[in-house]
Amino acid sequence: MSVSNITVFRPSVLTLIGIPGLETVQCWTGIPFCVMYLIAMIGNSLLLIIIRSERSLHEPMYIFVGMLGVTDIVLGTSIVPKMLGIFWFHVPEIYFDSCLLQMGLIHTFQCIESGILLAMALDRYVAICYPLRHAAIFTHHLVSQIAAVVTLRAALLVAPSLVLIKCRFQFYHTTIISHCYCEHMAIVKMAAENVRVNKIYGLFVAFTVAGFDLIFITLSYIQIFVTVFRLPQKEARLKAFNTCIAHICVFLQFYILAFFSFFTHRFGAHVPPYIHILFSSLYLLVPPFLNPLVYGAKTKQIRIHLIKMLYSQNAL
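Now for a description of the structure that goes with this document. Keep in mind it's a predicted model, so treat the numbers as computed, not measured.

1. Observations regarding the pattern of salt bridges
Evaluated as defined, the whole model comprises three salt bridges. Its salt-bridge partner being K166, residue D97 comes within 2.7 Å of it at the nearest N-O pair. Taken together, the positions of D97 in helix α3 (residues 96-129) and K166 in helix α5 (residues 140-168) put the pair 69 residues apart, joining distant regions of the chain. The salt bridge partner of D213 is R153, with a shortest N-O separation of 2.9 Å.

Here it is in structure tokens:
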């Protein structure tokens, strides 16, 4: 592919313009994002403190919830401070390498979150379908192995996309990213060279992670529902189903927003850019914001320990 005279050779600084079409109201848009971020940080931090301090919560299900909390904290912190810098302080510049780092963190922890949701679904599957074998199967050693595999899978899948951008592209049409954070396709579209390999690899990673995880999560919950509806007592069915409600809520909101963002970015040519960017930002912010609220409201053990902790603080 020929490179035009207006291209830039290996820019050191890029410019994030925020939300195209909403530049005049970005200062107000930053308020709900900031509130969601603060609630996410406080909520997930409380979850981690409760799970770490209460020995009765040192079980696989709660350990996975804690891992989800760490992932959500990193995801939110990867994008919101810079986003608010653009919206409120008019600091859109970002170093190219910092942009790649942000991209790597975002996509790596997205993959990790998807893997944790799969692990949680498998944990509920074993707990409900094979309750007598759950403790023997989901040991702390297995949980550690799952955490290592999920993290390694994410790192191995995301790292090549960073290398492909860093090593393949030398010339860029522009240094302006029409987004409020550094996202893989937003960076790739700036390149003035053949981006086919990068697009194909991006699709490969998306379908490898989301496709694999979604299939096994769906199969796990189908088997769970079959087992639950076979239980003879209504109370037992309600109790078993209630243990899955929080996981189902988290699973649905994560993947619905993920697929909307993914397909509009690649195939939604007629979708206004500000709609896509708003939803892609919410996709990264809503799960960290909702997860602690969902688990705090629907998980009895966490709710009880939270009330005890708050009561003991008020009594001091």
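So, next bit.
2. Quick look at helix α9 (residues 273-298)
Think of an α-helix as turning once every 3.6 residues; residues three or four places apart then point the same way. With 26 residues, α9 should cover 38 Å at 1.5 Å per step; its first-to-last C-alpha distance of 36 Å lies within 8% of that length. The largest bend in α9 comes to about 35°, at L285, with the proline P287 one to four residues further on.

3. As for the pairing of strand β2 (residues 13-16)
Side chains on a regular strand alternate between the two faces of the sheet. Alternating positions in β2 separate cleanly, L14 and L16 being buried on one face and V13 and T15 remaining unburied on the opposite face. Pairing of β2 with strand β5 (residues 176-177), which is carried by two bridges, proceeds in the parallel orientation. Bridge pairing links L16 to I177 in β5.

4. Describing the packing of helix α2 (residues 60-89) against α9
The contact between α2 and α9 brings their axes to 9 Å, and the two run at 140°. By the criterion of interaxial angle, the relationship of α2 to α9 is oblique. The handedness of the crossing between α2 and α9 comes out as left-handed. On α9, the residues touching V65, L68, D72, L75, I79, V80 and M83 of α2 are S281, L284, L285, P287, P288, N291 and Y295.

5. Notes on unusual backbone geometry
In this structure, R10 is a non-glycine residue whose phi angle is positive, near 40°. By secondary structure assignment, the location of R10 is in the loop between β1 (8-9) and β2. Even without being glycine, H90 reaches a positive phi, approximately 55°. When you line up the elements, H90 lands in the loop between α2 and β3 (93-95). The class of H90 is exposed, set by a relative accessible area of 65%.

What counts, and at which threshold
Residues numbered from 1 in each chain as written. Predicted model: local features only at pLDDT ≥ 70, side-chain atom pairs only at ≥ 80, totals over all residues. Heavy atoms only, no water. Salt bridge = Lys/Arg side-chain N within 4 Å of Asp/Glu carboxyl O. Helix = DSSP H or I, 4+ residues; strand = E, 2+ residues; numbered from the N terminus. Expected span 1.5 Å × (residues − 1). Bend = angle between axes of the 7 residues up to and from the residue. Buried < 20%, exposed > 50% of the residue type's maximum accessible area, 1.4 Å probe, protein only. Pairing = 2+ DSSP bridges. Axes fitted to C-alpha atoms, helices over the stretch in contact; angles between N-to-C directions. Parallel < 35°, antiparallel > 145°, perpendicular 65-115°, else oblique. Left-handed = near helix turned anticlockwise from the far one by under 90°. Contact = heavy atoms within 4.5 Å.

Nothing here speaks to function; it is geometry throughout.
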